[in-house]
Amino acid sequence: MKLMNDKYSVSPGNVFYLMYISLVGIGIMNFQQKMILPNGSENDGWISIIIAALLILLLTKMMYVVLARQDIKKASLVHINLRYFGRFFGLMINWIFILYFILGGFVWFQTYIQVIQLWLFPNVNVWPLSLLIISLIYYAVSGGFQSITAICFWGTLLLYTFILPQLYYITPYIRPSNLLPMFNHNLSQYFFTTREFSHEFISCIILLAVYPFVQNPKKSQKWAFIAIGASALIYLIYFFMSYMYFSLGELKITLWPTLSFIAMIELPVLQRMEYFIVAVFLLKILAAISIGIWASCHSAKLMHSIRPSRFLLVILLIFFVCFIFREPSSTAILQDFYSHTGEILVYLYVPLIFIISLIGKNSGKTEAKGNT
Amino acid sequence: MSTSPSMPNDSISTFDQFIDLCSRSNDFVTANLNINSSCTFIAHYLKTLVDQSHLEQLIHSLQNPHDAHEIKSLDQLKQYNPFEGSFVTNDLDKIESSVFGGFLLIQEEHKSDAFLLIPITGKQGLRTDNDTDVEFSVVGPKIGFIEDIDTNVHLVRMQLRTPRLIVRELTVGTISKTKVVMMYLDGIANPDNVSMMEARIREIEFDIILDTTQLDELITDNHNTPFPLFTTSERRDRVVFALISGQIAVSTDGSPYFITGPSTLFDFFLSPEDYYLPWVLGSFFRVIRITGVVFSLFASALYVALLTHHYEVIPKELLGRLIYSRQNVPFPPVLEALVLEATVEFLREAGARLPSRIGQTLGIVGGVILGQAAVDAALTSNILIIVVSLSALTSFVTPIYKMSNAIRFIRFPMIILAAMWGLFGIAVGLSFLLLHLSRLESLGSPYTVPFFPLRAKDLNDRFIRAPFSLTSNRPGYLRPPFLKRYETPKKQRKKSKIDEEGYV
């Protein structure tokens, strides 16, 4: 039985790119900052990265269990909420998710433009830039799920081909002794760092919306896990690189550690490689924003049969208006708000529906039996 | 009859009207054909369309005394004439298209209810030398196609000696009634692709098909893209290779080009020559080609971006050279680059329209003198001349001309984006390009396959030309019903010499 035309769905392996793009955000440029004292665990932050990754792995497994226990035609975020929370509360939760995805997109959008302003063009007029990015988002999302997956693929590829090889040039300058002494922080500091760092991973909830568009979705679980592993690895690499490159004192005053140490690379024809990284990162940010917006458009379609192309235009208009009238200080507030909402949604909502689904009827199995 | 929307309606309802209309042209001949005493035939034909020697042959054979007195009707005439494909009809539509296709029209005197049509089409004026002028290769066959479709099909059939090679003839064009030929290997090309291609050709509403490339645009998946979605080729080996991989080839009468599809982006970077060289060299040339294209896309844009916005990216030794070379140039880098790039385009366009002998002169005047003078007059910098001419050069490394056009076109928006937003502008261009490529489809299958959607098994013959031991399967993205191309010999473990050597 085929649920969806191959023209609209993607093969299980593509879950890797989708998850990877959601997990590795713009935070990779400054996550080291969040691990600084007084509350952070500084050079022991790698423990927090591993713990956070394991936690997300557990939550992803929960999501897969929940999804597997749904009727295969209704295995999506929208239907799950409608099923378990009733029509009224279900719709409400769905709208929270829609707004949450849009907010996430906006936060990345804003942060990225801020990075461009900081690193590339301090005096640039930003609204043409935002319009450019918004039109790219429109082009990506209007192409449907396959074009989103494509941009995720290119984003992942570029991240690896552009950024990882550059670390080779950093290695002569690193001082492993910066990591010592190990385990010299107290438990509350570890807890704080883990909590702060796990904010990088909260977009993993996108899986619930993406799931129905994957062929043989149950097979994709492996790829989602690999994506979590790969992103944890990327964060670990950057963590170690920056903590070994900078001393703690330097890190405290370095706002964008990743970009700062990449700035040291000098090739015979080029230097200041962070210019390229910031520019190419557009592809990654574009992908991350597009998935979120696609998910909200699609959820709106499932709930109220709103035409996604119209809804997309409305969202982008909101983006533009919000961006034009934003306060300089709002970036950090929005970011905080987004992180804390995400915390609730990921760490409370996912286990909640996991437990409910375990208690409730397993519709996934009966469906499978009915087929055979 | 003849109610084609593209022509005024002549409203021919009788045969006599048709003859009257035709007689307005002086090359329309009406003659009596006396074969024997018992009956007289009247022949009509366009003398400019028929082959005189065929006509003589026909008359000669009909005057054979043994047969002559037996011919009393059109049907008997049809039996005795030596040409294949003659038929009797009274359908005016058919008569019109046949007469204007070089058929001889024969009627019995005083009778106009049935007509015999004999094909004696002349093929004078067609090119017969079939060198591959456009897609030249140093190694390998130099057999290309010509403007005659039958010869082209003959050329392909000579290499694919199998009944599985299906040739479908279709007619396209309300006025030109051009014969379109669709070829594929039955059981190897995906049937869905075949039916989709046929449906698209049948749906075409157009008056005159002048070239296969026109057909390309009429059946394409996306009209608003500079990228060619079907491979265009005049080389026989290329078309045969496409057929054997499971693609479909289409050509029209009067065009030396075949289009093959479904194509992918990387098909445009393959050259048949890759397969005639050792795989190491073939791969090397392919990598050169691909890096050349990437260079061509971004070189001028990078120059503009770095010099306009981010001079700090350039190391100080190089920056010194750049400043020295640009110190007298009064223009911003973007103007400098755009003017030079445009000059290259002017040269190419003028060179393409000129006879080759004048073209050489033009190359010297344009390339050498103009470039040198521009630098001496301090209108451009030396380094930009190097960058622009290199990127012009590298844009021509793609074996398919249509693709190199697309690449040269894309450079201009890139340069403008780079001038406005520097490296960020280039990233916007790159993102748009990747998105656009990923959204493209050729005959319904994705354009960027096997990269996205990723198909690891098909990657072996894309960036590099894999050795023949690895290419025994057809590319899977074409969804061929029969995957295996040839058996690879079983690997025998090769012992290294150091293990073997010693006394016998």
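Sequence order sets the numbering: in each chain, residues are counted from 1 along the sequence as written. Naming scheme: in the order in which they are written, chains are lettered from A and ligands are numbered from 1. Residue-level local features of this predicted model are given only where pLDDT is at least 70; pairs of side-chain atoms are given and counted only at 80 or more, and the full residue set underlies all totals for whole chains, interfaces and linings. To obtain the side-chain values, all non-hydrogen atoms of the structure were included, while hydrogens and water were left out.

### Some details on the UniProt feature "transmembrane region" (unreviewed entry) in chain B
All names here are of chain B.
Right, so step 1: UniProt positions are given in the numbering used here, feature names are shortened, and annotations may be inferred rather than shown by experiment. Taking the numbering used here, the UniProt-annotated feature "transmembrane region" (unreviewed entry) corresponds to residues 239-259, 279-306, 381-401 and 413-437.
Right, so step 2: Segment residues 279-306 splits into 100% helix and 0% strand. End C-alpha atoms: 38 Å apart.
Right, so step 3: Each helix is a run of H or I in the DSSP string that is no shorter than four residues. Each strand is a run of E no shorter than two, and both are numbered from the N terminus. End C-alpha atoms of residues 381-401 are separated by 30 Å, and the span's content is 71% helix alongside 0% strand.

### Re the interface of chain B and chain A
Right, so step 1: With 28 residues of chain B at the interface, the matching set in chain A holds 38 residues.
Right, so step 2: Note on definitions: buried area is the accessible-area loss of two parts on being combined, 1.4 Å probe, summed for both. A per-residue breakdown of the area chain B buries against chain A is headed by Phe424(B), Arg439(B) and Phe452(B), which together make up 24% of the total.
Right, so step 3: Any carboxyl oxygen of Asp or Glu that lies within 4 Å of a side-chain nitrogen of Lys or Arg is treated as forming a salt bridge with it. Between chain B and chain A we count zero salt bridges in total.
Right, so step 4: Two N or O atoms form a polar contact when they lie within 3.5 Å of each other; inside protein one atom must be a possible hydrogen donor and the other a possible acceptor, and for residues adjacent in sequence the pair counts only when both atoms belong to side chains. Counting every contact that joins chain B to chain A gives seven residue pairs in polar contact (both at pLDDT 80 or more).
Right, so step 5: Of all elements in the fold, only helix H10 (279-308) and helix H15 (401-439) of chain B reach the threshold of two or more residues within the side of chain B that touches chain A.
Right, so step 6: Tallying contributions element by element places H15(B) first for the side of chain B that touches chain A, with 14 residues. Any pair of residues with heavy atoms lying within 4.5 Å of one another is described as a contacting pair.

### Brief notes about the pairing of strand E5 (residues 115-119) of chain B
Residues and elements named next belong to chain B.
Right, so step 1: Summarising burial for E5: five of the five residues are buried, a large majority.
Right, so step 2: Across the two faces of E5 the burial is the same, with Phe115, Leu117 and Pro119 and Leu116 and Ile118 all buried.
Right, so step 3: Strands qualify as paired when DSSP identifies two bridges or more between them. Inspection of the sheet shows strand E3 (residues 87-89) paired to E5 by three bridges, in the antiparallel sense. Across the sheet, the residue bridging to Val88 is Leu116, located in E5.
Right, so step 4: By the bridge criterion, four bridges tie strand E4 (residues 103-108) to E5 in an arrangement that is antiparallel. Looking at E5, one finds that Leu105 is bridged to Leu117.
Right, so step 5: Connecting E4 to the antiparallel partner E5 that follows it, the hairpin turn spans six residues, and His110 within it adopts a positive phi of roughly 65 degrees. Under the scheme applied here, a residue whose accessible area is under 20% of the maximum for its type counts as buried, over 50% as exposed, and between as partly exposed, the area being computed with a 1.4 Å probe on protein chains only.

### Points about the sheet that holds strand E6 (residues 165-172) of chain B
All names here are of chain B.
Right, so step 1: Strands sit in the order E6-E7-E9-E10-E8 across an open sheet of five strands; the sheet is antiparallel. Of all the strands in the sheet, the pair left with one neighbour each is E6 and strand E8 (231-233). Between one strand axis and the next, the sheet turns through 25 degrees on average, direction left out of account.
Right, so step 2: Across three bridges, E8 lies against strand E10 (residues 258-261) in antiparallel orientation. What sits directly across from Thr231, in E10, is Thr260.
Right, so step 3: To get an axis, fit a line to the C-alpha atoms, keeping to the stretch in contact for a helix; angles then go from 0 to 180 degrees between the N-to-C directions. The sheet strands contacting helix H8 (residues 212-219) are strand E7 (178-185), E8, strand E9 (248-252) and E10, and the helix crosses E9 at an angle near 125 degrees.

### What to know about the confidence of the model for chain A
Residue and element names in this part refer to chain A.
Right, so step 1: Confidence scores labelled pLDDT are given residue by residue by the predictor and lie between 0 and 100. Considering every residue of chain A, the mean pLDDT works out to 87; 97% of them sit at 70 or more.
Right, so step 2: In the model of chain A, helix H15 (residues 363-371) stands out as the element of lowest mean pLDDT, 55, in contrast to helix H4 (residues 126-142), which has the highest, 93.
Right, so step 3: Low pLDDT, under 50, characterises residues 367-372; the stretch is placed with four contacts to residues that sit more than four places away or in other chains.

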